Amino acid sequence: MTQPDHDDGGDLLEVSALRRYFDGRRAWLGRPRRIHAVENVSFNLRIGETLGLVGESGCGKSTTGRMIVGLDRPTAGAIRFKGQDLVSLSAAQWRAKRAEVQIVFQNPLSSLDPRLPIGRQIREPLDLHDIGAPGERDAEVAELMRAVSLPAALADRYPHQISGGQAQRVVIARALALKPSLIVCDEPVSALDVSVQATVIALLEHLQQEYGIAYLFISHDLRVVRRLSHRVAVMYLGQIVEEGWTDDVYEQPLHPYTRALLSAIPDVSKGPGQGAGQRVVLKGEPPSPAHPPSGCHFHTRCPYVLRRCLGEAPQLRVIDGIHAVRCHYAEQIKELR
Ligand code: SF4
């Protein structure tokens with residue numbers, strides 16, 4: 001994807017040293033185990049830009065998205081939106097902020113009220129936030145349905161009377177109603193058929209071009225992320241392990257975990273000996289975030305692990321341009337193709 005011109009807009013969102021810990025089940029006669037769901041995550045997002053946040057289930061990407069839209073509170077760290085601190089907002093202040101920061105979830109039907117026609121549901125945020133004259137809101141609903149390519153005749157249908165792809169368009173139209181600057185998209189196409197996924201992705205691209213919306217695009221699907229994202233951040237066990245321009249990360253992944261994810265996908269990996277390199281097979285399952293491994297959290301699965309990795313935690317460090325990686329041996333691994 002083409003890199004956006006970063007000179008024409010400042011940071012819309014700045015996330016700094018974000019942490020979210022949960023108290024898990026109490027160990028026998030001990031204190032509750034602390035689950036490190038998000039561990040020292042930092043990134044920024046510019047106006048009209050898409051940052052893809054990828055990783056396996058349970059890596060902390062959805063928890064990060066929920067904190068950004070105020071559905072969960074950080075244990076520590078800062079979230080600034082247009083320069084304003086979001087972490088300290090009260091519930092009432094969040095209701096006002098909701099117009100600018102929206103979220104779209106994976107399952108559109110769980111986001112919709114089964115008892116209300118979809119036109120009413122798209123109109124709901126306009127009524128709640130008292131936007132526009134009441135008599136003009138139905139015209140605005142028609143315009144929003146046009147923007148997401150939903151036939152006006154569907155306005156009186158109920159969620160169970162439309163397809164999954166149409167339901168996700170309803171959710172997107174409702175998110176657009178308040179003209180947000182940022183939409184957190186949490187696996188927005190994962191529940192849809194592949195052919196429907198493509199139309200919803202094309203819609204998100206079109207809406208970004210038309211309205212300049214920024215997306216934090218959370219997904220485990222690397223093909224979808226590549227299509228939509230200007231930059232990408234890869235998460236593992238609550239931490240960002242690699243970040244950079246999408247083309248750089250996909251064509252020259254530096255972290256063994258990113259290499260493994262990409263090499264498992266035939267149409268993004270260029271195959272053995274080319275591009276992303278040979279298939280990297282990971283050992284075992286991701287460890288529990290209640291028991292993150294010492295040193296590098298990835299050391300229990302890394303094919304390149306050395307003694308240093310067991311005791312010393314690598315920092316996220318810039319290797320080239322904005323391409324950053326959390327690995328002691330990224331330069332050496334880069335040469336192994
Ligand atoms: Fe693998 Fe060591 Fe790099 Fe961690 S620091 S990714 S264990 S080589």
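The structure displayed is predicted, hence computed values, not measured ones.

Asks: Honestly, the site of the ligand in this entry has me stumped. Any pointers?
Replies: Near the ligand the following residues occur: H255, P256, C296, F298, H299, C302, Y304, C309, C327, H328 and Y329. Here the residues of the shell around the ligand are counted per class, giving eight nonpolar, three polar and no charged.

Asks: What am I meant to see in the packing of aromatic side chains here?
Replies: What describes a pair of aromatic rings is the distance from one ring centre to the other and the angle between the planes of the rings. Evaluation of the coordinates by the stated rule reveals three aromatic pairs. Residues Y236 and F298 carry aromatic rings whose centres are separated by 5.0 Å and whose planes lie at 85° to one another, so their mutual orientation is edge-to-face. Of this pair, Y236 sits in strand β9 (residues 231–236) while F298 is found in the loop between α10 (256–263) and α11 (307–311), placing the two residues 62 residues apart along the sequence. By way of ring pairs, the aromatic residues Y236, Y257 and F298 are connected into one cluster.

Asks: Please clarify how the pattern of salt bridges should be interpreted in this entry.
Replies: Any two side chains of opposite charge can pair if their charged atoms end up close together. Taken as a whole and judged by the stated rule, the model has 23 salt bridges. A salt bridge links D127 to R137; the nearest nitrogen and oxygen atoms lie 2.9 Å apart. Taken together, the residues D127 in helix α4 (residues 118–128) and R137 in helix α5 (residues 137–147) connect sequence positions 10 residues apart. On the accessibility criterion, R137 (6% relative accessible area) is buried. Two residues, E243 and R231, come together in a salt bridge whose shortest N-O distance is 3.3 Å. You can see E243 sitting in strand β10 (residues 239–245) and its partner R231 sitting in strand β9, a full 12 residues away along the chain. Assessed through its relative accessible area of 11%, E243 is described here as buried. When salt bridges that share partners are traced, they join R123, D127, D130, R137 and D138 into one network.

Asks: Honestly, the sheet that holds strand β7 (residues 182–186) in this entry has me stumped. Any pointers?
Replies: Hydrogen bonding along the main chain pairs the strands of a sheet, whether they run parallel or antiparallel. With mixed pairing, the eight strands of this open sheet are ordered in space as β6-β7-β8-β3-β9-β10-β12-β11. Two strands lie at the open edges of the sheet, namely β6 (101–104) and β11 (317–320), each paired on one side alone. Direction aside, neighbouring strands of the sheet carry axes that sit 20° apart on average. Relative to β10, β9 is paired through six bridges, and the arrangement is antiparallel. Note that in β10 the partner of A233 across the bridge is E243. The sheet contacts of helix α1 (residues 61–68) involve β3 (50–54), β6, β7, β8 (214–219) and β9, and relative to β8 the element is tilted by about 150°.

Asks: Help me out: how do you make sense of unusual backbone geometry in this one?
Replies: The phi torsion of most residues other than glycine is negative, and most of the peptide bonds are trans. Its identity is not glycine, yet N40 carries a phi of approximately 60°, on the positive side. By secondary structure assignment, the location of N40 is in strand β2 (residues 32–46). If you check the backbone angles, D130 has positive phi at about 50° while not being a glycine. The residue D130 is located in the loop between α4 and α5 in this model. Classification of D130 as exposed rests on a relative accessible area of 59%.

Asks: Any chance you could explain empty space enclosed by the protein here in plain terms?
Replies: Any empty space left between the atoms is revealed when a probe the size of a water molecule rolls over them. Evaluation of the coordinates by the stated rule reveals one cavity of 30 Å³ or more. Its boundaries defined by the atoms lining it, the largest cavity holds a volume of some 90 Å³. The wall of the largest cavity is formed by 14 residues, among which P256, C296, C302, C309 and C327 lie closest to the centre. Across the lining of the largest cavity, the residue classes tally to 11 nonpolar, three polar and no charged.

Rules used throughout
- The numbering scheme is per chain: residues are counted from 1 as the chain's sequence reads.
- In keeping with the predicted nature of the model, local features appear solely for residues at pLDDT of at least 70, side-chain atom pairs appear and are counted solely at 80 or more, and the whole-chain, interface and lining totals rest on all residues.
- The basis for every side-chain value is the complete set of non-hydrogen atoms in the structure, without hydrogens or water.
- A cutoff of 4 Å decides nearness: a residue is near a molecule or strand if any of its heavy atoms lies inside that distance of it.
- For this scheme, ten residues count as nonpolar: Ala, Val, Leu, Ile, Met, Phe, Trp, Tyr, Cys and Pro. Four count as charged, namely Asp, Glu, Lys and Arg, and the remainder, Gly too, count as polar.
- Note on aromatic contacts: the rings of Phe and Tyr and the six-membered ring of Trp form a pair at centre separations within 6.5 Å, being stacked when their planes are under 30 degrees apart, edge-to-face when over 60 apart, and tilted otherwise.
- Segments assigned H or I by DSSP are reported as helices when at least four residues long, segments assigned E as strands when at least two residues long, and all are numbered from the N terminus.
- Think of a salt bridge as a Lys or Arg side-chain nitrogen and an Asp or Glu carboxyl oxygen that are within 4 Å of each other.
- Burial here depends on accessible area, computed with a 1.4 Å probe over protein chains only, as a share of the maximum for the residue type. Under 20% is buried, over 50% is exposed, and the range in between is partly exposed.
- Two strands pair under a simple rule: DSSP has to find at least two bridges between them.
- In this analysis, axes come from line fits to C-alpha atoms, helices being fitted only over the stretch in contact, and the angle between any two N-to-C directions falls in the range 0 to 180 degrees.
- The contact criterion used is simple: two residues touch if any of their non-hydrogen atoms lie within 4.5 Å.
- A cavity here means a set of points on a 1 Å grid, drawn over the protein atoms and nothing else, where a 1.4 Å probe fits but cannot get out; a pocket is an open set with protein on both sides within 12 Å along at least five of seven lines, and a residue lines either one if it has an atom within 4 Å of a point.
- Grid points are joined across faces, edges and corners, and a volume is the space filled by probe spheres set on the points.

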